[in-house]
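Structural overview for review
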Amino acid sequence: MVSGSYLTSTSTPTPNTSLLKDELDIVIPTIRNLDFLEMWRPFFQSYHLIIVQDGDPSKTIRVPDGFDYELYNRNDINRILGPKAACISFKDSACRCFGYMISKKKYIFTIDDDCFVAKDPSGKEINALEQHIKNLLSPSTPFFFNTLYDPYREGADFVRGYPFSLREGVQTAVSHGLWLNIPDYDAPTQLVKPLERNKRYVDAVLTVPRGTLFPMCGMNLAFNRELIGPAMYFGLMGDGQPIGRYDDMWAGWCTKVICDHLGLGVKTGLPYIWHSKASNPFVNLKKEYRGIYWQEELIPFFQTAVLPKECTTVRTCYLELSKLVKAKLGKVDDYFNKLADAMVTWIEAWDELNPSENPGRTAAVKPNGAAKGK
């Protein structure tokens, strides 16, 4: 057992206020029994869970009693999406984005199964989901930086010199949380700093400025599915692909470009979770090494990507971005041609399962038959 600031099942939990319990799904990718949910029971039990089982679909995943959930394995994904299932990664946590597609709720919170409840410096257990909801329900300020960070938090405001015309802010599409204990490092940094742990708790939330990219981590993430859902595609990773561990990065870069174009906000900072387990840096290096080279081309591509003003919805922005990927990144490696095609397939699959979000489309497949529990 990891020692430090995380909530064990014998701790006295902080009551959960169950904000937006009928409007939010919790998406969890996994290959193992979900015993970690016992730690999150006080905070998650009122919500609906979408569990995306990766790997061997014949394996039985145990979910603790008392949780309301649907569980989808690879057989379910293939049945529901048919040939379009090829856009959903296999043997990689990128499979979580299937949960985003199948959900019908307004908000999504996604968390990894090695993330536990953290404590703030006072010793109080952190309700990460509640903080994400607060982030999403308050505006963002991407057009002008406030030096007191999030001006909508209690005890803060806009500082002198902040334009009054920008103080209404914009809708927040993404809330990106952080981690205590094991930091989200790439393999080279892991190898150089194998014993490093993040012990710093910074009580701050800030808006990522417009025109600025950031490395989005998918292990503690929430977003407004109605505002940005179709852009949250975690790409082609894992089995049969030349790259891994860039799924959330790819989604973050695409999402940020589209948020900037559409005038939506992205917040980062609180809440913290306790990341309990460091992955093997040598395995990670095998997955990442192409991405480490490629990102020197990818970052300038996203920094200079311009979407036409005619693109006024997330899906039209994403389809336009797929064209740019093929035209410009396809020269870097043929993988990006495949990825660009998968981006289009993702949108087609999204539209089939969510026809009301794209008028004129009819649902081709009914997503039934998944394992359910209560």
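Please read these numbers as outputs of a predicted model, since none were measured by experiment. (Residues numbered from 1 in each chain as written. Predicted model: local features only at pLDDT ≥ 70, side-chain atom pairs only at ≥ 80, totals over all residues. Heavy atoms only, no water.)

1. With respect to the nonpolar core
Formed by 72 residues in total, the largest nonpolar core has its most connected members in L81, I228, Y233, W250, Y318, L321 and W346. Residues contacting L321, with those up to four places away along its chain left out, are C254, I258, F301, F302, A305, L307 and M343. Listed in part, the 40 residues of the second largest apolar core include C115, I126, C217 and M219. (Core = buried A, V, L, I, M, F, W, Y, C linked by side-chain atoms within 4.5 Å. Buried < 20%, exposed > 50% of the residue type's maximum accessible area, 1.4 Å probe, protein only. Contact = heavy atoms within 4.5 Å.)

2. Observations concerning the confidence of the model for the protein chain
Averaged over every residue, the pLDDT of the protein chain is 92; the share at 70 or more is 93%. Note that residues 1-17 has pLDDT below 50 and, in this model, 33 contacts with residues that lie over four places away or in other chains. Note that pLDDT drops below 50 for residues 360-368; the model gives that stretch 16 contacts with residues more than four away or on any other chain. (pLDDT = per-residue confidence, 0-100.)

3. So, empty space enclosed by the protein
Applying the stated criterion to the full structure yields two cavities of 30 Å³ or more. In this structure, the largest cavity occupies an estimated 50 Å³ of space. Around the largest cavity, the lining residues are M237, I243, Y246, W250, W253, L298, Y335, F336 and L339. Among the secondary structure elements, those contributing two or more residues to the lining of the largest cavity are α7 (247-262) and α10 (335-353). Per-element accounting of the lining of the largest cavity gives the leading share, three residues, to α10. Across the lining of the largest cavity, the residue classes tally to nine nonpolar, no polar and no charged. In this structure, the second largest cavity is lined by T141, F145, N146, Y149, D150, P151, L206 and T207. Looking at the lining of the second largest cavity residue by residue, the classes come out as four nonpolar, three polar and one charged. (1 Å grid on protein atoms, 1.4 Å probe; cavity = no way out; pocket = protein on both sides within 12 Å on 5 of 7 lines; lining within 4 Å. Points joined across faces, edges and corners; volume = space filled by probe spheres on them. Helix = DSSP H or I, 4+ residues; strand = E, 2+ residues; numbered from the N terminus. Nonpolar A, V, L, I, M, F, W, Y, C, P; charged D, E, K, R; others polar.)

4. So, the packing of helix α8 (residues 281-304) against helix α9 (residues 314-329)
At their nearest, the axes of α8 and α9 sit 12 Å apart, and the two run at 135° to each other. One element, α8, and the other, α9, form an angle in the oblique class. The interaxial crossing formed by α8 with α9 has right-handed handedness. Facing E297, L298, F301 and F302 of α8, the residues of α9 in contact are L321, L324, V325, K328 and L329. Classifying every residue of the contact of α8 with α9 by side-chain character gives seven nonpolar, no polar and two charged. (Axes fitted to C-alpha atoms, helices over the stretch in contact; angles between N-to-C directions. Parallel < 35°, antiparallel > 145°, perpendicular 65-115°, else oblique. Left-handed = near helix turned anticlockwise from the far one by under 90°.)

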